[in-house]
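Per-entry structural report
One letter stands for each residue in the lines below.
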Amino acid sequence: MSHNPSKQVKSFERTAFVRMSFFMVLGIFNLWGIFKLQFAFINGVHWFELPLLTMLHFFQVIFATKALEVFFRNLRLRLRLAFLVSAGLSIFSLFQCLGMAFQGADSSPLACDWRLLGLYLGTAFFAAFMAALLATSQYMPLWEDNLPPSEKICLNVFEYHQRFNLISDGISIRLFDVSLAALGLALSSPFWILCLFLIWFEDPGPILFVKNSVGKGGLNFKQLKLRTMVFGAEAGTGPVLSPEFDQRVLKSGRLFRKTALDELPQLVNILKSEMSFVGPRPQRTVLVNEYLKILPEYAARHRVLPGLAGLAQVAGDYYLTPRQKLRFDNLYIKHKNLGFDLKLLFLAFLVAFWFRWQRGWNGRLPRRLLHPGG
């Protein structure tokens, strides 16, 4: 049975037009609801209206994403535009409402209180961003589990570690880790929203990067990071060390790497007892598998939990050889205690937020600062 291609194209175009029109109408009604609620909120500040406004802002992005499918084939562009359309129209209608409130009343609670105005704008932004993430998740995952190692590699790495005895962290270090991680998650939550938004807006797609790394005893675990590279950066190369001026790194990613903000999600790993604040830095299982073939004693560094900060990281830099890293990590394990951990954590903070920003810094701290007792 033959088909007429022109009829099929016309049928597809009609369907697309009907679909676009449907979501545009929904978006217009939704925006009208936002406008009405905003005006009521401005003049009366009824707190029950905030959840309704949040829901409407949320749906506005979803409707805009669907309506824009006809005009833009580029998914990332469409997602950005949907967010901007929703946020922009909402802000525009908000200022319209404020203008009407100023003209029609002597005082408007929202117009006279910048904290309320900030609360509303923050709520609108948050709702629009959450909707943008939901729309993104319809097309791709929100975390990139990058090339997980095969079961054979995981087993091979684990077997290399069997001749080394594990070392307990001690109750004091564990209590310190849990307390500081919980506090850090609470205090850093505003930065999470900002960082995740910067990643998503620059390159709509996954916002988290899952790095399959070797943990204590040679076991593979999911190390969480903020995504700092373009989505699928290693699709053609496989897991490799990132060169110093890697073109695959996002602009926001460069900032996150320099300030170590990309490590924020590892607070979750610490709470799950997969990591500690201080310890040998975790490395990819596939890379460790290669290191062990030429340096079997490299497994000794995994006698303790991997850390957010480590002696090798503070003393050297990202490009230390495996043998150099092992030497520093063994030195740390030999002198491991809560006092030394606190010192290394403080030095890691200085490196991330002070020394790296100094012109001419060579990436290495004076050895006298790294002595376990000094």
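Our subject is the structure that appears above.
Reading the values: the criteria
- Residues numbered from 1 in each chain as written.
- Predicted model: local features only at pLDDT ≥ 70, side-chain atom pairs only at ≥ 80, totals over all residues.
- Heavy atoms only, no water.
- Helix = DSSP H or I, 4+ residues; strand = E, 2+ residues; numbered from the N terminus.
- Buried < 20%, exposed > 50% of the residue type's maximum accessible area, 1.4 Å probe, protein only.
- Contact = heavy atoms within 4.5 Å.
- Areas by Shrake-Rupley, 256 points an atom, 1.4 Å probe, with all protein chains shown as cover.
- Salt bridge = Lys/Arg side-chain N within 4 Å of Asp/Glu carboxyl O.
- 1 Å grid on protein atoms, 1.4 Å probe; cavity = no way out; pocket = protein on both sides within 12 Å on 5 of 7 lines; lining within 4 Å.
- Points joined across faces, edges and corners; volume = space filled by probe spheres on them.
- Phe/Tyr/Trp six-rings, centres within 6.5 Å; stacked < 30°, edge-to-face > 60°.
- Lys NZ or Arg CZ within 6 Å of the ring centre and 35° of its normal.
- Nonpolar A, V, L, I, M, F, W, Y, C, P; charged D, E, K, R; others polar.

1. Quick word on the overall build of the protein chain
Summing up its helical and strand segments, the protein chain has 13 helices and 5 strands in all. Taken over 374 residues, the protein chain has a buried fraction of 46%. Across the protein chain, the fraction of contacts at a sequence separation of at least 24, relative to all contacts at a separation of at least 6, is 76%. Counting every atom, the protein chain has about 19,700 Å² of accessible surface; 67% of that belongs to carbon and sulfur.

2. Digging into the pattern of salt bridges
Within the structure shown, the criterion is met by 12 salt bridges. Here Glu263 and Lys225 are joined by a salt bridge, their closest N and O atoms 3.0 Å apart. Of this pair, Glu263 sits in the loop between helix H8 (251-259) and helix H9 (266-271) while Lys225 sits in strand S3 (residues 220-226), placing them 38 residues apart in sequence. Residue Glu263 is classed as buried on the basis of its relative accessible area of 14%. Linking Asp341 and Lys336 is a salt bridge whose minimum nitrogen-to-oxygen distance equals 3.7 Å. Comparing Asp341 with Lys336 shows no difference in burial state: the two are buried. What you see here is one network of salt bridges that share partners, running through Lys225, Asp262, Glu263 and Arg281.

3. Overview of the layout of surface pockets
By volume, the second largest pocket amounts to about 730 Å³. Lining the second largest pocket are 24 residues, and of these Leu264, Phe277, Leu308, Phe349 and Phe353 lie nearest its centre. A total of 7 residues in the lining of the second largest pocket trace back to one element, the largest contributor, which is helix H13 (residues 338-353).

4. Things to note about the packing of aromatic side chains
Following the criterion strictly, the structure yields 12 aromatic pairs and no others. The rings of Phe83, Phe125, Phe129, Phe197, Trp200 and Phe201 are connected pair by pair, giving a single aromatic cluster. Lying across the ring of Phe328, Arg327 places its NZ or CZ 5.0 Å from the centre.

5. Focus: empty space enclosed by the protein
If you walk through the whole model with that rule in mind, you get 1 cavity of 30 Å³ or more. As a volume, the largest cavity reaches approximately 50 Å³. Forming the walls of the largest cavity are Asn146, Leu147, Pro149, Phe209, Val210, Lys211, Asn212, Pro239, Arg284 and Val286. Here the element with the most residues in the lining of the largest cavity is strand S2 (residues 208-214); it accounts for 4 residues. Looking at the lining of the largest cavity, its residues break down into 6 nonpolar, 2 polar and 2 charged.

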